[in-house]
Amino acid sequence: MANKSNPGDNRTRSSVSIFIVVGLCCFFYILGAWQKSGFGKGDSIALEITKQTDCSVSPNLSFDTKHGGEAGAAIDESDSNPKVFDPCDADYTDYTPCQDQKRAMTFPRENMNYRERHCPPQEEKLHCLIPAPKGYVTPFPWPKSRDYVPFANAPYKSLTVEKAVQNWIQYEGNVFRFPGGGTQFPQGADKYIDQLASVIPIKNGTVRTALDTGCGVASWGAYLLKRNVIAMSFAPRDSHEAQVQFALERGVPAVIGVLGTIKVPYPSRAFDMAHCSRCLIPWGANDGMYMMEVDRVLRPGGYWVLSGPPINWKVNYKAWQRPMEELQEEQRKIEEVAKQLCWEKQSEKGEIAIWRKRVNADSCPGRGDSYSTCEARNPDDAWYKKMETCVTPYPEVNSPDEVAGGELKPFPERLNAVPPRISSGSVPGISVESYLEDNKLWKKHVKAYKKVNPILDTGRYRNILDMNAGLGSFAAAIESSKLWVMNVMPTIAEKDTLGVIFQRGLIGIYHDWCEAFSTYPRTYDLIHANGVFSLYKNKYVSFLIVCCIFNP
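- For the protein chain, an unreviewed UniProt entry supplies the name Methyltransferase and the organism Aquilegia coerulea.
- Recorded in UniProt for the protein chain, the comment headed Sequence similarities (unreviewed entry) runs: "Belongs to the methyltransferase superfamily."

Have a look at this one:
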């Protein structure tokens, strides 16, 4: 007769099995989370590129269609063997061609000329791939990346010492932590932005695009993102190592740039707000030329914020260790230029002063009486154009209350609303109907992209580059609180639509893809290139640039 099984033994074995299964699940979950966090080796793509730094590019790219010949015609592939580019020397880990330090020092220092773009001639261009630093790992997803950056990805500690008391950045083990502080807001960017929001309509979507000059590690822009304001931050590649690089590693919009002798690469009337927090720009110098450039890119009704010297110099001159007379004269010049530009002072409290640009020329008939009007017919023409001491004219209006250039809807409504530049017919060849059709088309494309890549909107891809942005419909369709898009308007494009992109509440920049982009290597998590080959089919394009700025 068979032995009867013991119910207690069965229960024991079942309990042990369940315990083992649960334990294994927990183990693999924790392992996966650890790897994805950035403390581990990161994803397989990053690891493979870090190891090999290898990429294959065909040297004989043809832009001709392969469907026009006879059916079944053979294609000669004898000279289509891919060329393999070797990795550059490890010293080039953070090489930025047009902002190379050695080349910069050969240019004049007057008006920060040496900090501007100076691209290498053809014979000096690299034909190797920029290697990732040793130990490079996948960046943290947003929003964790705002506060933490793996040390291996930007291994520079000087700012942790130089800015220790200002709460910029702290080194903690194998990560950098960004508490959100700044020179002018050691208690945190949130409290500082609250002060600005008491004067500037940040909460209701009126202010969406901002320009942060001399941004440091861009904590101001980082904390504006959660308030639905996107800031284009820039700072020169200077003695403070890796400021812009840290900003980009955090997942915050930023480029290497400076107010020097050439115009900033943005269209007129682009930004709702411009900001300088102790940015060390001599605003009153050169007859107010830098303030005039801010005026050019500031939309009618936009705001300019200046915090730090010389504001409230009577109280702070000792702490700033500067003579009273010098600070007093500096503020006098700023106030004088602001008056000539017809900016209305909204507030001066503590070390923060806020001005507002008038909505049209009729509201300030004396605007620019002391300065000439800029003669350039197209105020959007900014690529490598010399900055001038002149006032950019407003677009014409039909009534004293009309906003020059058209009134913008609050964000997010303005994202898909018809921009005034299109409804007014300011962009030849682009109608309201074609704009709406473009929007519809890119919504379909992005929906298809998400099916192919389900993690597109999970926070893994924070910094996205659109190499040929058109009307910005790709960025509008992919809009998310977990990512941002740098919309590039190629200078070779037939239609300049960058002004349209800004009116939609998006950000972008002019660029010629025959030159290096003004950014550090490994900047972007995803690069979108629609129609770029067609634009440059008869020109040499340095596609290695794309490899350099792509974040493995």
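**Some remarks on the overall build of the protein chain**
1) Next: Within the protein chain, the regular secondary structure consists of 17 helices and 18 strands.
2) Next: Considering only contacts in the protein chain between residues 6 or more positions apart, those separated by 24 or more positions represent 69%.
3) Next: As presented, the protein chain carries roughly 26800 Å² of accessible surface, and 53% of it is formed by carbon and sulfur atoms.

**Description of the sheet that holds strand β16 (residues 484-490)**
1) Next: In spatial order, the strands read β17-β16-β15-β18; together these 4 strands make up an open sheet with parallel pairing. Each edge of the open sheet is held by one strand with a lone partner, namely β17 (507-511) and β18 (526-528). Averaged over neighbouring strand pairs, the angle between their axes works out to 25° when direction is ignored.
2) Next: Two strands pair when backbone bridges link them, and strand β15 (residues 463-466) and β16 are joined in this way by 4 bridges, in the parallel orientation. Each residue of the ladder has a partner; that of Asp 466, found in β16, is Asn 487.

**Details of the state of the cysteines**
Between two cysteines, a covalent bond joining their sulfur atoms is known as a disulfide.
1) Next: The final tally for this structure, using the stated rule, is 5 disulfides.
2) Next: Residue pairing for Cys 88: its cysteine sulfur links by disulfide to Cys 128, the two sulfurs lying 2.0 Å apart. Here the disulfide of Cys 88 and Cys 128 is right-handed, its torsion about the S-S bond being about 100°. In this pair, Cys 88 sits in the loop between β2 (83-85) and α3 (101-104) while Cys 128 sits in the loop between α3 and α4 (144-147), placing the two residues 40 residues apart along the sequence. The residues Cys 88 and Cys 128 share a single accessibility class, namely buried.
3) Next: Across a sulfur-sulfur distance of 2.0 Å, Cys 276 and Cys 279 are joined as a disulfide pair. A torsion of -95° about the S-S bond marks the disulfide between Cys 276 and Cys 279 as left-handed.

**Examining the sheet that holds strand β5 (residues 175-177)**
1) Next: Overall, antiparallel pairing links the 3 strands, which are arranged β3-β5-β4 in an open sheet. Of all strands in the sheet, those bounded by a partner on one side alone are β3 (148-150) and β4 (170-172). Strand-to-strand twist of the sheet, defined as the mean angle between neighbouring strand axes without regard to direction, takes the value 30°.

**Describing the environment of Gln 166**
1) Next: Within the secondary structure layout, Gln 166 lies in the loop between α5 (158-162) and β4.
2) Next: Exposure remark for Gln 166: the relative accessible area of 19% places this residue in the buried category.
3) Next: Taking the C-alpha atoms as reference points, Gln 166 and Thr 183, separated by 17 residues in sequence, lie 5.3 Å from one another.
4) Next: If sequence neighbours within four positions are ignored, Gln 166 has contacts with Gly 181, Gly 182, Thr 183 and Pro 186.

**What about the nonpolar core?**
1) Next: Counting 104 residues, the largest nonpolar core has Trp 220, Tyr 266, Trp 283, Trp 304 and Met 486 as the members making the most contacts within it.
2) Next: For this core, the leading source of residues is helix α9 (residues 289-297), giving 6 residues.
3) Next: Counting 10 residues, the second-largest nonpolar core is a separate cluster that includes Ala 154, Leu 159, Trp 168 and Phe 176.

**Quick notes on unusual backbone geometry**
1) Next: Each neighbour pair has its own omega, and for Pro 309 with Pro 310 the value is 5°, a cis peptide bond.
2) Next: Note on placement: Pro 310 falls in the loop between β10 (298-307) and α10 (313-320).
3) Next: The backbone phi angle of Asn 111 is positive, close to 55°, even though this residue is not glycine.
4) Next: Along the chain, Asn 111 turns up in the loop between α3 and α4.

**Quick notes on empty space enclosed by the protein**
1) Next: Under the definition given, this model contains 7 cavities of 30 Å³ or more.
2) Next: The computed volume of the largest cavity comes to approximately 270 Å³.
3) Next: Among the secondary structure elements, those contributing two or more residues to the lining of the largest cavity are β8 (254-256) and β17.
4) Next: When residues of the lining of the largest cavity are assigned to their parent elements, the largest contribution, 3 residues, is made by β17.
5) Next: Taken together, the residues of the lining of the largest cavity break down into 13 nonpolar, 4 polar and 4 charged.
6) Next: Computed from the structure, the second largest cavity encloses a volume of approximately 130 Å³.
7) Next: Around the second largest cavity, the lining is made up of 14 residues, and of these Leu 225, Ser 480, Ser 481, Leu 483 and Trp 484 lie nearest the centre.

The rules behind the values
- Residues numbered from 1 in each chain as written.
- Predicted model: local features only at pLDDT ≥ 70, side-chain atom pairs only at ≥ 80, totals over all residues.
- Heavy atoms only, no water.
- UniProt positions renumbered as here; feature names shortened; annotations may be inferred.
- Helix = DSSP H or I, 4+ residues; strand = E, 2+ residues; numbered from the N terminus.
- Contact = heavy atoms within 4.5 Å.
- Areas by Shrake-Rupley, 256 points an atom, 1.4 Å probe, with all protein chains shown as cover.
- Pairing = 2+ DSSP bridges.
- Axes fitted to C-alpha atoms, helices over the stretch in contact; angles between N-to-C directions.
- Disulfide = S-S within 2.5 Å.
- Buried < 20%, exposed > 50% of the residue type's maximum accessible area, 1.4 Å probe, protein only.
- Core = buried A, V, L, I, M, F, W, Y, C linked by side-chain atoms within 4.5 Å.
- 1 Å grid on protein atoms, 1.4 Å probe; cavity = no way out; pocket = protein on both sides within 12 Å on 5 of 7 lines; lining within 4 Å.
- Points joined across faces, edges and corners; volume = space filled by probe spheres on them.
- Nonpolar A, V, L, I, M, F, W, Y, C, P; charged D, E, K, R; others polar.

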